[in-house]
Amino acid sequence: MTFADKAILFNKNLKYTGPPLPRGIRIMNPFTEFEQTMEIVESFYQKYCNDNNPRHLILGINPSRLGAGLTGIPFTDPKRLKSECHIKYEGRITHELSSVFIYEMIKAYGGVEAFYKDFYINSPSPLGFTSVDNNGKEKNYNYYDSKELIHSVKDFMIESIHKLIKLGVYTDTCFCFGTGKNAKFLNKLNEEHHFFKKIIALEHPRFIMQYKSSEKQFYIDKYISAFDSVRH
């Protein structure tokens, strides 16, 4: 099986079977909620990962409603899916700040083909979470936003990371998006389970775009420098 075959199968079989989530929080599974998502996933991985090359793993937090929650591809909103990845998409065209940064960084790295030949992006929780606010609006919810949620999904995340490693990723270095709570949780998990020799944390794309947009080029350069350090 190629890397693409294994990635497609991983997504196709994703299902949360752990303890009930805290009240008011629901699992978001784009691979079963939208008919076209698995078609997108198959097209994407067959186009960019149809080989047997190992890749370095990058772990975000969990899929968001406007990005991977629609496309099934981490940090890839419908706009970037069409314009940068040239993958067919029909339906709601959304704009996600994190996706904007990621694809500007990918362009600086050498382009979509070069980047996805070297890296595979996913999350410790490959399924997302949402909550509903007082006005009835659905919002993104991060796995670390409540201790109760972490308690519910921790075993699911451990199992998911083991499965991600089996896709064929290097275990010398893993990258992590988020230098705060995500990095702290992943490093603690790594100390317990020895998934990787080291984890390199980089500022989360959304944090950069929301709070450091005037310094965007600095962070693009920082990403590229970190990724260049592990090129084989």
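Basis of the calculations
- Residues numbered from 1 in each chain as written.
- Predicted model: local features only at pLDDT ≥ 70, side-chain atom pairs only at ≥ 80, totals over all residues.
- Heavy atoms only, no water.
- Helix = DSSP H or I, 4+ residues; strand = E, 2+ residues; numbered from the N terminus.
- Rg over C-alpha atoms; globule rule 2.2 N^0.38 Å.
- Buried < 20%, exposed > 50% of the residue type's maximum accessible area, 1.4 Å probe, protein only.
- Contact = heavy atoms within 4.5 Å.
- Areas by Shrake-Rupley, 256 points an atom, 1.4 Å probe, with all protein chains shown as cover.
- Lys, Arg positive; Asp, Glu negative; His and termini not counted.
- Charge placed at Lys NZ, Arg CZ, Asp CG, Glu CD.
- Pairing = 2+ DSSP bridges.
- Axes fitted to C-alpha atoms, helices over the stretch in contact; angles between N-to-C directions.
- Salt bridge = Lys/Arg side-chain N within 4 Å of Asp/Glu carboxyl O.

Undergrad: Kindly report on the overall build of the chain, identifying the contributing residues and their values.
TA: When helices and strands are tallied, the chain shows 11 helices and 7 strands. On C-alpha atoms alone, the chain measures out to a radius of gyration of 17 Å, which is about the 17 Å that the 2.2 N^0.38 rule sets for 232 residues. When the backbone C-alpha atoms are referred to their principal axes, the chain occupies close to 45 × 45 × 40 Å. Counting only residues that meet the buried cut, the chain has 53% of its 232 residues in that class. Taking the contacts inside the chain whose residues are at least 6 apart along the sequence as the reference set, 73% of them involve residues at least 24 apart. For the chain, the exposed surface amounts to about 11300 Å²; the carbon and sulfur share of it is 48%. Across the chain, the 31 positively charged side chains and the 26 negatively charged ones have centroids separated by 3 Å.

Undergrad: How would you explain the sheet that holds strand 3 (residues 119-122) if you had to name every residue and give the values?
TA: Pairing is parallel in the open sheet, where 4 strands are placed in the order 3-2-6-7. Looking at the sheet topology across the chains shown, the edges are occupied by strand 3 and strand 7 (198-202). Across this sheet, the average inter-strand angle for adjacent strands is 25 degrees, counted without regard to direction. Direction of pairing for strand 2 (residues 56-59) relative to strand 6 (residues 173-177): parallel, over a ladder of 2 bridges. Residue Ile58 lies in a different strand from strand 6, and its bridge partner there is Phe175.

Undergrad: An account of the pattern of salt bridges is requested, with residue identities and associated values reported.
TA: By the definition in use, this model includes 12 salt bridges. Here Arg231 ties to Asp228 by a salt bridge, and the two come within 2.9 Å at their closest N and O atoms. For Arg231, a relative accessible area of 45% gives the class partly exposed.

Undergrad: I'd like a description of the sheet that holds strand 4 (residues 128-132), backed by residues and values.
TA: Taking strand neighbours across the sheet as the criterion, the 3 strands line up as 1-4-5 in an open arrangement whose pairing is antiparallel. With partners counted over all chains shown, the strands left at the sheet margins are strand 1 (25-28) and strand 5 (138-141), one partner each. In this sheet, adjacent strand axes meet at a mean angle of 40 degrees when their direction is disregarded. Across 4 bridges, strand 4 lies against strand 5 in antiparallel orientation.

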